[in-house]
Amino acid sequence: MNIGLIAHDAKKKLMENFTIAYRHILAKHTLYATGTTGRLVEEATNLNIYKYLAGHLGGAQQLGAQIAHNQLDMVIFLRDPVTQKQHEPDVGALERLCDIHNIPIATNLATAELLVKALERGDLSWREVIR
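No experiment lies behind these values; they were computed from the predicted model shown.

A. Examining the environment of Ala-112 more closely. For Ala-112, the location among the structural elements is in helix H6 (residues 109-121). Judged by relative accessible area, which is 0%, Ala-112 ranks as buried. Sequence separation between Ala-112 and Gly-55 is 57 residues; the distance between their C-alpha atoms is 19 Å.

Structure (C-alpha cells):
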C-alpha cells in the first residue's frame, strides 16, 4: 500500500512518535511525505520515505497530485486546528481529493491509529482492486 504522511509544524513530533510506535506496520508499505515531515520521520524510524518538497513549497500539492491520480491508498495528515500558520498546507483540498477517490484520510491521532491497525489486519486491501 502507498501511504501519504503530512503534518503541520505543531504536530511533527506527534507524527514522529506515531511512526515510531507503528514502524513494524509501516515498514511493510511504501511511504510518501512532504519534505520536512519525511526527513524527521526517516531520521526517527530509519524507514525509507519518498520525500517531496516542504508542504508550503509545493509538497502538499505533490501529494495532492498522487491522490488525484489515485496513487495513494491512505493519507495521514496530522493537522493543527488551533494554531495553524498561514504558510502551512490546507487540509481541505486534500480531504476533497481523498473523498473523490475514496482514499481514507486521518487528520488526528485517534483516526490515524485506527487506519494503521486496519491496514495491519488487511481491511484496506480493497484499495488494491480500485487501483
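From this point, things continue past the structure.
B. Examining the packing of aromatic side chains more closely. Counted under the stated rule, the structure contains 3 aromatic pairs. When the centroid spacing of 5.1 Å and the interplanar angle of 50° are considered together, the rings of Phe-18 and Tyr-22 count as tilted. Owing to a relative accessible area of 3%, Phe-18 belongs among the buried residues under this scheme. Ring geometry for Tyr-32 and Tyr-50: centres 5.2 Å apart, planes at 25°, overall stacked. Of this pair, Tyr-32 sits in strand E2 (residues 30-33) while Tyr-50 is found in strand E3 (residues 49-51), placing the two residues 18 residues apart along the sequence. For Tyr-50, a relative accessible area of 48% translates into the label partly exposed. Connected via pairs of aromatic rings, a cluster forms that spans Tyr-32, Tyr-50 and Tyr-52.

C. Spotlight on the UniProt feature "binding site: substrate" (unreviewed entry) in the chain. In the numbering used here, UniProt assigns the feature "binding site: substrate" (unreviewed entry) to His-8, Lys-12, Thr-34, Gly-35, Thr-36, Thr-37 and His-87. Examined against the element boundaries, Thr-34 turns out to sit in the loop between E2 and helix H3 (35-45). With a relative accessible area of 3%, Thr-34 lands in the buried category. In this view, Thr-34 contacts Leu-5, Ile-6, Tyr-52, Leu-53, Ala-54, Gly-55, Gly-59, Ala-60 and Leu-63; residues no more than four positions away in its chain are not counted. Position of Thr-37 relative to the elements: it lies in helix H3. For Thr-37, a relative accessible area of 2% gives the class buried. If near-sequence neighbours (up to four positions away) are discounted, Thr-37 is found in contact with Leu-5, Ile-6, Ala-7, Lys-12 and Met-15.

D. How the structure looks around the pairing of strand E1 (residues 2-7). With respect to burial, E1 is a largely interior element, 6 of its 6 residues being buried. The alternating pattern of E1 places Asn-2, Gly-4 and Ile-6 and Ile-3, Leu-5 and Ala-7 on opposite faces, both of which are buried. Here E1 runs beside E2; their pairing, made up of 4 bridges, is parallel. Directly across from Asn-2, in E2, lies its bridge partner Thr-30.

Criteria and cut-off values
Residues numbered from 1 in each chain as written. Predicted model: local features only at pLDDT ≥ 70, side-chain atom pairs only at ≥ 80, totals over all residues. Heavy atoms only, no water. Helix = DSSP H or I, 4+ residues; strand = E, 2+ residues; numbered from the N terminus. Buried < 20%, exposed > 50% of the residue type's maximum accessible area, 1.4 Å probe, protein only. Phe/Tyr/Trp six-rings, centres within 6.5 Å; stacked < 30°, edge-to-face > 60°. UniProt positions renumbered as here; feature names shortened; annotations may be inferred. Contact = heavy atoms within 4.5 Å. Pairing = 2+ DSSP bridges.

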